[in-house]
Amino acid sequence: MKKHLENDQGSPNFLIPLYIFYFCLFLQRQEVMPQQRKTKSWTELKQAGNECFKTGQYGEAVNLYSQVIKVLEKSREEFSADLAIVYSNRAASYLKDGNCTACVKDCDMSLELSPFNVKSLLRRAAAYEAVEQYRNAYVDYRTVLQIDCNVTAAQDGTHRMTKALTEADGPSWREKLPPIPSVPVSVREKFATQSAANVKQHISAANQNGIKQTNKPALSSEDIKKGQNFKEEGNALVKKGDYRKAIDKYTQSLQHNPTEVTTYTNRALCYLSVKQFQEAISDCDKALMIDSGNIKALYRRAQAHKELKNIKAFVEDLQSLLKVEPNNTAALKLLQEVQKK
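Residues numbered from 1 in each chain as written. Predicted model: local features only at pLDDT ≥ 70, side-chain atom pairs only at ≥ 80, totals over all residues. Heavy atoms only, no water.

Where an unreviewed UniProt entry is consulted, the protein chain appears under the name Translocase of outer mitochondrial membrane 34, with the organism given as Oryzias sinensis.

In structure tokens, the structure reads:
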């Protein structure tokens, strides 16, 4: 009887169907699990790509971002903002991997979806610079500075490109540049508003963690508008020759927007006109902190130094100016006058 109930290996025959059942269930689960892994949402894929980028796995990040792009391109209009970010992120991965051509292409796509995106402009500028397309890089860096003149990467990039183009093309290098797009005021205002919101969020998070913040909030769109209005009033007064009233208007403008380079250089001109030379130097210093290659700031500071008989500082400013713009006739003439004396 025992021989009839057991198989050759000694296992009861009634367990065989049970083994087969569990084995089939195991195979079924193996087929289902990969399908479950493939159903990750695009947001999860994007986050995974971000994590890979942070850990230096740029090739894997490109792969994950490409999957996200494939999904979002099916609903391009609905997800245009998200798609612009993912293209920009993939561009950053390509840039880190040294694939500058792919980086530029992705930045083009990102900027088509989200014009004047600062990160995409900076990444494309860096890619152009890496392949020695200095004119295109200069245009992108200068475009960023129109949006926010405090972006250090754009300031430094502009100076590097100015030097490289001067060496390559000579004094007339500006004439060979592609057109620099004019950034609408609405874009600047939107960027300022977003920056202010980001700063507030950062301060709130820091306060929750007991960290003291000393940074001032970013400018609001209202501040930019008021600053621009006061500046235009100052410009109108300068045309009339009323420099002291113009100084007051520029001062009011800077109270609302202390990041506008031309307001400092305009007020410096007024200070020169009313013989307040030290104040003119101070305004030029502030302008040059924002844009170290600013021609007007260097020239007007040189004029102020000349009036105060600071000859060494005067010559240094003119020499710095001529490095940026070697054929500046006003600077050359002023320098020659001092050298003759």
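S.K.: Can you help me understand the overall build of the protein chain in this one?
M.R.: Looking only at helices and strands, one finds 17 helices and zero strands in the protein chain. Taking all 341 residues of the protein chain together, 38% fall into the buried category. Across the protein chain, contacts joining residues at least 24 apart in sequence account for 51% of those joining residues at least 6 apart. (Helix = DSSP H or I, 4+ residues; strand = E, 2+ residues; numbered from the N terminus. Buried < 20%, exposed > 50% of the residue type's maximum accessible area, 1.4 Å probe, protein only. Contact = heavy atoms within 4.5 Å.)

S.K.: Please explain the packing of helix α15 (residues 295-307) against helix α16 (residues 311-324) as it appears in this structure.
M.R.: For any two helices packed against each other, one specifies the crossing angle of their axes together with the interaxial distance. Two numbers describe how α15 lies on α16: the axes approach to 8 Å, and their chain directions differ by 160 degrees. Between α15 and α16, the angle is such that the two are roughly antiparallel. For the pair α15 and α16, the sense of crossing is left-handed. Of α16, the residues touching α15 (which contributes Ile 295, Leu 298, Tyr 299, Arg 301, Ala 302, His 305 and Lys 306) are Ala 313, Phe 314, Asp 317, Leu 318, Ser 320, Leu 321 and Val 324. Grouping the amino acids of the contact of α15 with α16 by side-chain chemistry returns nine nonpolar, two polar and three charged. (Axes fitted to C-alpha atoms, helices over the stretch in contact; angles between N-to-C directions. Parallel < 35°, antiparallel > 145°, perpendicular 65-115°, else oblique. Left-handed = near helix turned anticlockwise from the far one by under 90°. Nonpolar A, V, L, I, M, F, W, Y, C, P; charged D, E, K, R; others polar.)

S.K.: Please clarify how the nonpolar core should be interpreted in this entry.
M.R.: For soluble globular proteins, nonpolar side chains are generally found buried alongside one another. Core analysis: the largest hydrophobic core is formed by 35 residues, its most contacted members being Ala 246, Cys 270, Ala 280, Ala 304, Phe 314, Leu 318 and Leu 321. Among the secondary structure elements, those contributing two or more residues to this core are α11 (221-239), α12 (243-256), α13 (261-273), α14 (277-290), α15, α16 and α17 (329-340). Among the elements that make up this core, the one with the highest residue count is α14 (seven residues). Leave out the neighbours within four places in its chain, and Ala 280 touches Ala 268, Tyr 271, Leu 272 and Ala 304. Cys 103, Leu 121, Tyr 128 and Trp 173 belong to the second largest nonpolar core, which has 28 residues in total. (Core = buried A, V, L, I, M, F, W, Y, C linked by side-chain atoms within 4.5 Å.)

S.K.: Which parts of the structure should I look at to understand the packing of aromatic side chains?
M.R.: Working definition: an aromatic ring pair is given by the centre-to-centre distance plus the angle between the planes. Throughout the structure, instances matching the rule amount to three aromatic pairs. Between Trp 42 and Phe 79, the aromatic rings sit 5.9 Å apart at their centres with planes inclined by 70 degrees, giving edge-to-face as the arrangement. Here Trp 42, found in helix α3 (residues 42-54), pairs with Phe 79, found in the loop between α4 (58-72) and α5 (80-96); they are 37 residues apart in sequence, far enough to count as distant. Residue class for Phe 79 comes out partly exposed when judged on its relative accessible area of 21%. On the numbers, 5.3 Å between centres and 65 degrees between planes, the contact of Phe 53 with Tyr 58 is edge-to-face. (Phe/Tyr/Trp six-rings, centres within 6.5 Å; stacked < 30°, edge-to-face > 60°.)

S.K.: Teacher, can you tell me more about the environment of Arg 267 here?
M.R.: Structurally, Arg 267 can be placed in helix α13. Residue classification places Arg 267 among the buried residues on the basis of a relative accessible area of 9%. Along the chain, Arg 267 and Ile 247 lie 20 residues apart, while their C-alpha atoms are 5.7 Å from each other. Apart from residues lying up to four places away in sequence, Arg 267 is in contact with Ile 247, Tyr 250, Thr 251, Leu 254, Asp 283 and Lys 286.

S.K.: What is the right way to look at the pattern of salt bridges in this model?
M.R.: Pairing of side chains with opposite charge becomes possible as their charged atoms draw close. Applying the stated criterion across every chain, the model contains 16 salt bridges. The shortest N-O distance in the salt bridge between Lys 249 and Glu 233 comes to 2.9 Å. Taken together, the residues span a long stretch of sequence, with Lys 249 in helix α12 and Glu 233 in helix α11 at a distance of 16 residues. Looking at Glu 233, the relative accessible area reads 35%, which means it is partly exposed. One salt-bridge network, held together by shared partners, links Glu 73, Arg 76 and Glu 112. (Salt bridge = Lys/Arg side-chain N within 4 Å of Asp/Glu carboxyl O.)

S.K.: Where do I start with unusual backbone geometry in this structure?
M.R.: Phi is mostly negative for residues that are not glycine, and the peptide bonds are mostly trans. Unusually for a residue other than glycine, Phe 116 sits at a positive phi of about 65 degrees. Following the sequence through the fold, Phe 116 ends up in the loop between α6 (100-113) and α7 (118-130). In this model, Lys 309 sits at a positive phi of 60 degrees, which is unusual for a non-glycine residue. Relative to the assigned elements, Lys 309 resides in the loop between α15 and α16. Of the residues examined, Lys 309 reaches a relative accessible area of 68% and is grouped as exposed.

S.K.: I keep staring at the side chain of Asp 106 and nothing clicks. Help me out?
M.R.: Here Asp 106 lies in helix α6. A polar atom in the side chain of Asp 106 sits 2.6 Å from the side chain of Arg 90. Aside from chain neighbours lying at most four places away, what touches Asp 106 is Tyr 87, Arg 90, Ala 91 and Tyr 94. (Polar contact = N/O pair within 3.5 Å; in protein donor to acceptor, adjacent residues only side chain to side chain.)

S.K.: So what exactly am I meant to see when it comes to the environment of Asp 106 here?
M.R.: A relative accessible area of 3% places Asp 106 in the buried class. In the structure, Asp 106 is positioned 18 residues away from Ser 88 in sequence and 6.4 Å away in space, judged by C-alpha atoms.

S.K.: Got a minute to help me understand the packing of α3 against α4 in this structure?
M.R.: Closest axis-to-axis distance for the α3/α4 pair is 8 Å, and the angle between their directions is 160 degrees. Here α4 runs roughly antiparallel to α3, going by the angle between their axes. For α3 against α4, the interelement crossing comes out left-handed. Along its contact with α3, which presents Trp 42, Leu 45, Lys 46, Ala 48, Gly 49, Asn 50, Cys 52 and Phe 53, the element α4 presents Tyr 58, Glu 60, Ala 61, Leu 64, Tyr 65, Gln 67, Val 68, Val 71 and Leu 72. Of the residues belonging to the contact of α3 with α4, the class tally is twelve nonpolar, three polar and two charged.

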